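Results of the structural survey
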Amino acid sequence: MPKYVIEREIPAAGDLTTAELQAISQKSCGVLNQLGPQVQWLQSYVTDNKIYCVYIAPDEASVRQHAEMGGFPANSIAEVKNIIDPTSAE
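The notes below deal with the structure included here. These numbers were taken from a predicted model, which means no experiment stands behind them.

Overall, the coordinates contain zero disulfides when judged by the stated rule. Unpaired in this structure, cysteine 29 has its nearest cysteine sulfur neighbour in cysteine 53, at a distance of 11 Å. By relative accessible area, which is 4% here, cysteine 53 ends up buried.

Spelled out as structure tokens, the structure:
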């Protein structure tokens, strides 16, 4: 199944408290439960003004549906075509 990176522009995301991040996570998980097991959230990276999320989903439309249902921005969605790391150089 395809993997996607979602860029969410959220001003001051890096200043969100643990409780606020927990509430966002709970909302996301609730929407994922409604969508069913075909859409999976792997992890997210919080930066100063953005959150980058990694999802597995059958298509981009499913990722967009999650964002709409949860009230989350999805400023860009990119399908991961390949993964490299330092071992790729060997």
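So much for the structure itself; the text now carries on.
With respect to topology, four strands assemble into an open sheet ordered S2-S3-S1-S4, the strand pairing being antiparallel. Strand pairing shows two members of the sheet lacking a second neighbour, strand S2 (40-46) and strand S4 (76-79), which therefore form its edges. Neighbour-to-neighbour, the strand axes of this sheet turn through a mean angle of 20 degrees, independent of strand direction. With six bridges joining them, S2 and strand S3 (residues 50-56) adopt antiparallel strand pairing. The residue of S3 that forms the bridge with valine 46 is isoleucine 51. Each of S2 and S3 is contacted by helix H1 (residues 18-35), which is oriented at about 160 degrees to S2, the strand it contacts most. Against the sheet, helix H2 (residues 60-70) contacts strand S1 (3-9), S3 and S4, and its axis sits at roughly 35 degrees relative to S1.

Time to look at the environment of tryptophan 41. Inspection of the secondary structure assignment puts tryptophan 41 in strand S2. Note on tryptophan 41: relative accessible area 27%, which makes it partly exposed. Expressed as a C-alpha distance, the spacing of tryptophan 41 and cysteine 29, which sit 12 residues apart in the sequence, is 8.2 Å. In this structure tryptophan 41 touches Ser25, Ser28, Cys29, Leu32, Val54 and Tyr55, once residues within four positions along its chain are discounted.

What counts and what doesn't
Residues numbered from 1 in each chain as written. Predicted model: local features only at pLDDT ≥ 70, side-chain atom pairs only at ≥ 80, totals over all residues. Heavy atoms only, no water. Disulfide = S-S within 2.5 Å. Buried < 20%, exposed > 50% of the residue type's maximum accessible area, 1.4 Å probe, protein only. Pairing = 2+ DSSP bridges. Helix = DSSP H or I, 4+ residues; strand = E, 2+ residues; numbered from the N terminus. Axes fitted to C-alpha atoms, helices over the stretch in contact; angles between N-to-C directions. Contact = heavy atoms within 4.5 Å.

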